[in-house]
Amino acid sequence: MTADFPDSDSTAVLPLTHALLLPRIAIESTSPVLEGGQFAVKATVGQQVNVSSTVFVDGYDQLAVRLHWRKADHDAWRTTPMQCLGNDRWAGHFEVPEPGRYVFCIEAWVDHFASFCHELDKKHQAGVPVSLELQQGRVRVQHAIERSTGELQQQLQALLRELSGLLETEQVALFLHESSAQLMAQAQYHAYVSLSPEYPVEVERHLAAFASWYELFPRSVTDDPAGYGTFNDVHARLPMIHDMGFDVVALPAIHPIDQHHRAGPDNSLQAGPDEPGKLSANGREESGQAVIHPQWGTRDDFRRLVAAAAAQGLEVALDFAVQCSQDHPWLAQHPDEFNWPPDGTIRHAQNPSRKYPDSVNVDFYAPHAIPGLWLELRATVLDWVDEGVTLFRVTNPHTQPLPFWQWLIAEVRGLHPDVIFLAQACTTPAMMARLGKVGYSQSYTYLCWRHTKAELCEYFTELNQSPWRECFRPHFFVDTPHISVQCSLASRRAGFLIRAALATMGSGLWGMYSGFERCEAQALPGNNECPGSGMSPIESCDLSAPGDIVAEIAQLNRIRRQNPALHSHLGLRLYNAWNDHLLYFGKRTADGSNFVLVVINLDPHNAQEAHFELPLWEMGLADDAATAGEDLMTGHRWTWYGKHQWTRLDPSQQPFGIWRIKPL
């Protein structure tokens, strides 16, 4: 009797010839993966990349699932077994020892020997006769011998001889022994193999995820209000920046400024004849982004600054802004790369509420811009890398094409894996996430616009969830040259301490603009934009003014360095503190060896108190257990008894508590 199968034809929804090639084993919901593998997830050197996936097959066969990984430019794969967590979920991990692009994939197949052992064990435990199964098992070993050579074949022959001389119960025990499984795994053929796609992982050095940035304007590093600070003047500030615990000195754009269209103080549209102009107006007739403003210093001066910073353990970050001034030489040399309205004027850079006549944007897709403009911008970045710049803060990258940034960052990091890009973009969430996906190492955040406990809890939670956790590293700048937080403006020292605690404890990345440590802030009427702040006028620095928070910032940075749990925004968990003014959270390393609790009084004007819970359950402790507490700001130590505790935080003294907790 024969079966009649219908002919396979192209009009069928699923032709039989295609169905026969479909995998029996499903590999689904793999993590960490971004957009199905279109973009690389982020990792840092030395990190353990934890991979999980749902893997299953029809019927009752047992599966073997393995994780494979390699560096993208290497041919050889490394591999490790994945472990079943239950409910068809499998997990494995690998470590990434150096910067660069890695890929991983998952392979699964039906493990006939494991299936045999699983059935054998079940029947034996149930008291069912297994003599036939044992005979089938010995046949499996014989087939494995025939597929093997050398030492493996000899070991399998020894296994078969041993099995033949044992009693039934002893044979069951030997079949189920781990050594037998290991030998058979080496000799088995893989049935019904399924292989997942390759998924990318972008690995960067530790500074991409954990760093403290200090931003200053060299031209304002002067004791003379009528003078002009230079690169050479910054040298004297480096030891203080180092002593406060910073890793990075961030400089604004250091290029020449438009002579004819530069903006003035407080966003005025025109600078006066004696005003230096805003730094957004990059370029003048003779030079653009590849040249240093002559009043800042020379190339040699810049190199000496980079070297002096390195001697203090600091790296230099440089602003990279694609927009040009109206005097920029590109307008004369490449006019077709800009947008010109019908009246012959140039289209200015702008956002919905303001025009910026001091800068204009290039057209990345103008016929004459490809590939020349793209290659020119790449050459500019590489030129500064050659001068020792390892970090770039890119101005408003969300206003330029995403494919350009994906290409540029890949090109630069392909040559220099240590280079880090920070997206200076505060725009819609989807765009900010996409910038991380296309390659940005870090990004500005909404921290300056999150004030209440509910807002901060929601934001911290979001940043720890997919897809943000895979693609977005939040850089918690507490302020910028343009923006100060209203909380700080209204409350002075207490407000500055509150924002410093939020930034330093909330993320592995934080930064501040010079003057924050002296609690300097004022705002234009009706908003929180700062007048001056070095963006247009030259502002001298009074480092001896009383009331600074230099010691507190230094201690916060020291706490960050000494506690690995604080080296990332990931792993932050919110806990119960029964007061809407007290934000309470904790961070704990994967092995549990470092556990830091943070409680912050968000009210800069009044003392706040509350009962709160110690997360004893996370340490496997009973609710009445005793634990050791340590105040990391003061060094004071004590013993907590039980889960329920009480605290009071007075903003006139210290508006936050940072505690390390350990089991006793």
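The name given to the protein chain in an unreviewed UniProt entry is starch synthase (maltosyl-transferring), with Pseudomonas weihenstephanensis as the source organism. As its UniProt record puts it under Subunit (unreviewed entry), the protein chain is described as follows: "Homodimer." Comment text from UniProt for the protein chain, heading Catalytic activity (unreviewed entry), reads "alpha-maltose 1-phosphate + [(1->4)-alpha-D-glucosyl](n) = [(1->4)-alpha-D-glucosyl](n+2) + phosphate".

**Student:** Quick question: what am I supposed to make of the pattern of salt bridges here?
**Tutor:** Close approach of charged atoms allows side chains with opposite charge to pair. Applying the stated criterion across every chain yields a total of 29 salt bridges. Here arginine 299 makes a salt bridge to glutamate 387, at a shortest N to O gap of 2.8 Å. A residue pair is termed long-range when its members are at least 10 positions apart, and arginine 299 in helix H9 (residues 299-311) and glutamate 387 in the loop between helix H11 (372-386) and strand S16 (391-395) qualify at 88 residues. Assessed through its relative accessible area of 22%, arginine 299 is described here as partly exposed. In this structure, glutamate 630 and arginine 637 form a salt bridge, with 3.7 Å as the shortest nitrogen-oxygen distance. On the basis of relative accessible area, glutamate 630 is assigned to the buried category, the value being 13%. Look at arginine 637 and you get exposed, because its relative accessible area is 61%. One salt-bridge network, held together by shared partners, links Arg101, Glu202, Glu204, Arg413 and Arg473.

**Student:** Hey, could you run me through the environment of alanine 209 in this one?
**Tutor:** Tracing the chain through its elements places alanine 209 in the loop between strand S10 (199-204) and strand S11 (211-215). For alanine 209, a relative accessible area of 15% corresponds to the buried category. Put simply, alanine 209 and proline 474 are 265 residues apart on the chain and 8.8 Å apart in space, counted from C-alpha to C-alpha. Dropping the residues within four chain positions of it, alanine 209 is found in contact with Thr44, Arg473, Gly508, Leu509 and His567.

**Student:** I would appreciate a short explanation of the side chain of glutamate 215 in the present structure.
**Tutor:** Relative to the assigned elements, glutamate 215 resides in strand S11. Looking at glutamate 215, the relative accessible area reads 2%, which means it is buried. Setting aside its immediate chain neighbours within four residues, glutamate 215 contacts Ala250, Arg393, Phe477, Pro481, Met512, Tyr513 and Ser514.

**Student:** Looking at this structure, how should I read a nonpolar patch on the surface?
**Tutor:** Taken together, the side chains of Val13, Leu14 and Leu22 make up a nonpolar region of the molecular surface, amounting to roughly 340 Å² of accessible area. The residue leucine 22 is located in the loop between helix H1 (16-19) and strand S1 (26-31) in this model.

**Student:** In this structure, what is going on with the packing of helix H2 (residues 112-125) against helix H5 (residues 168-175)? I would like to understand it.
**Tutor:** When two helices pack together, you describe them by how their axes are tilted relative to each other and by the distance separating the axes. Remark: H2 packs on H5, axes separated minimally by 10 Å, with the N-to-C direction vectors making an angle of 140°. The pairing of H2 with H5 is recorded here as oblique in orientation. You can see that H2 and H5 cross each other, and the crossing is left-handed. Of the residues in H5, those in contact with Phe113, Phe116, Cys117, Leu120 and His124 of H2 are Thr169, Val172 and Phe175.

**Student:** Looking at this structure, how should I read helix H3 (residues 131-146)?
**Tutor:** Owing to its 3.6 residues per turn, the α-helix aligns residues three or four sequence positions apart on the same side. Counted at 1.5 Å a residue, the expected span for H3 with its 16 residues is 22 Å, and the 23 Å between its end C-alpha atoms agrees. Within H3 the residues assigned to the buried category are Glu133, Leu134, Gly137, Val141, Ala144 and Ile145. Along the axis of H3, the buried residues cluster in a sector spanning 135°; they form a single face. Residues of H3 that are buried make contact with H2, helix H4 (150-164), H5 and helix H6 (178-187).

**Student:** What should I look at first to understand the side chain of glutamate 107 in this one?
**Tutor:** You can see glutamate 107 is positioned in strand S8 (residues 100-110). In terms of polar contacts, glutamate 107 uses its side chain to reach the side chain of histidine 68, at 2.8 Å. Among residues more than four places away in sequence, those in contact with glutamate 107 are Ala64, Val65, Arg66, His68, His190, Val193, Ser194 and Leu195.

**Student:** Explain the sheet that holds strand S3 (residues 48-56) here, please?
**Tutor:** Where strands meet in a sheet, backbone hydrogen bonds hold them as pairs that are either parallel or antiparallel. Taken in spatial order, the 4 strands of this open sheet run S1-S3-S7-S6, and their pairing is antiparallel. The outermost strands of the open sheet, each flanked by one partner alone, are S1 and strand S6 (83-86). Going from strand to strand, the sheet's axes swing by 30° on average, the running direction of each strand aside. Sheet analysis places S6 next to strand S7 (residues 89-95), joined by 3 bridges and oriented antiparallel. If you follow cysteine 84 over to S7, its bridge partner there is tryptophan 90.

**Student:** Help me out: how do you make sense of the packing of aromatic side chains in this one?
**Tutor:** Geometrically, a pair of aromatic rings is defined through the distance of the ring centres and the angle of the planes. Scanning all chains against the criterion turns up 36 aromatic pairs. With a centroid separation of 5.8 Å and 80° between ring planes, the pair formed by phenylalanine 460 and phenylalanine 585 is classed as edge-to-face. Placement of phenylalanine 460 in helix H14 (residues 453-463) and of phenylalanine 585 in strand S22 (residues 582-588) is noted, with a sequence separation of 125 residues between them. Between the aromatic rings of tyrosine 584 and phenylalanine 612, the centroid separation amounts to 5.3 Å while the plane-to-plane angle is 75°, which identifies the pairing as edge-to-face. Taken as a pair, tyrosine 584 in strand S22 and phenylalanine 612 in strand S24 (residues 608-613) lie far apart in primary sequence, 28 residues in all. The exposure class of phenylalanine 612 is buried, given its relative accessible area of 4%. By way of ring pairs, the aromatic residues Phe320, Phe364, Tyr365, Trp374, Phe392, Phe404, Trp405, Trp407, Phe421 and Tyr440 are connected into one cluster. If you follow arginine 24 out to its NZ or CZ, it ends over the ring of tyrosine 192, 4.3 Å from the centre.

**Student:** Please clarify how the environment of valine 306 should be interpreted in this entry.
**Tutor:** Looking at the element boundaries, valine 306 is found in helix H9. What makes valine 306 buried here is its relative accessible area of 13%. Spatially, the C-alpha atom of valine 306 lies 9.5 Å from that of valine 249, the residues being 57 residues apart in sequence. If we skip the residues at most four places from it in the chain, valine 306 touches Val316, Glu387 and Gly388.

**Student:** Please explain the packing of H4 against H5 as it appears in this structure.
**Tutor:** Close contact between H4 and H5 brings their axes to 9 Å; oriented N to C, the two are set at 155°. When the interaxial angle is binned, H4 and H5 end up roughly antiparallel. In this structure, H4 uses Leu159, Glu162 and Leu163 to contact H5, whose residues at the interface are Gln171, Leu174 and Phe175. Among the residues making up the contact of H4 with H5, the classes are represented as 4 nonpolar, 1 polar and 1 charged.

Conventions we followed
Residues numbered from 1 in each chain as written. Predicted model: local features only at pLDDT ≥ 70, side-chain atom pairs only at ≥ 80, totals over all residues. Heavy atoms only, no water. UniProt positions renumbered as here; feature names shortened; annotations may be inferred. Salt bridge = Lys/Arg side-chain N within 4 Å of Asp/Glu carboxyl O. Helix = DSSP H or I, 4+ residues; strand = E, 2+ residues; numbered from the N terminus. Buried < 20%, exposed > 50% of the residue type's maximum accessible area, 1.4 Å probe, protein only. Contact = heavy atoms within 4.5 Å. Patch = residues over 30% accessible without salt bridge, like charges linked within 9 Å, V, L, I, M, F, W, Y side chains within 5 Å. Areas by Shrake-Rupley, 256 points an atom, 1.4 Å probe, with all protein chains shown as cover. Axes fitted to C-alpha atoms, helices over the stretch in contact; angles between N-to-C directions. Parallel < 35°, antiparallel > 145°, perpendicular 65-115°, else oblique. Left-handed = near helix turned anticlockwise from the far one by under 90°. Expected span 1.5 Å × (residues − 1). Arc of directions from axis to C-beta. Polar contact = N/O pair within 3.5 Å; in protein donor to acceptor, adjacent residues only side chain to side chain. Pairing = 2+ DSSP bridges. Phe/Tyr/Trp six-rings, centres within 6.5 Å; stacked < 30°, edge-to-face > 60°. Lys NZ or Arg CZ within 6 Å of the ring centre and 35° of its normal. Nonpolar A, V, L, I, M, F, W, Y, C, P; charged D, E, K, R; others polar.

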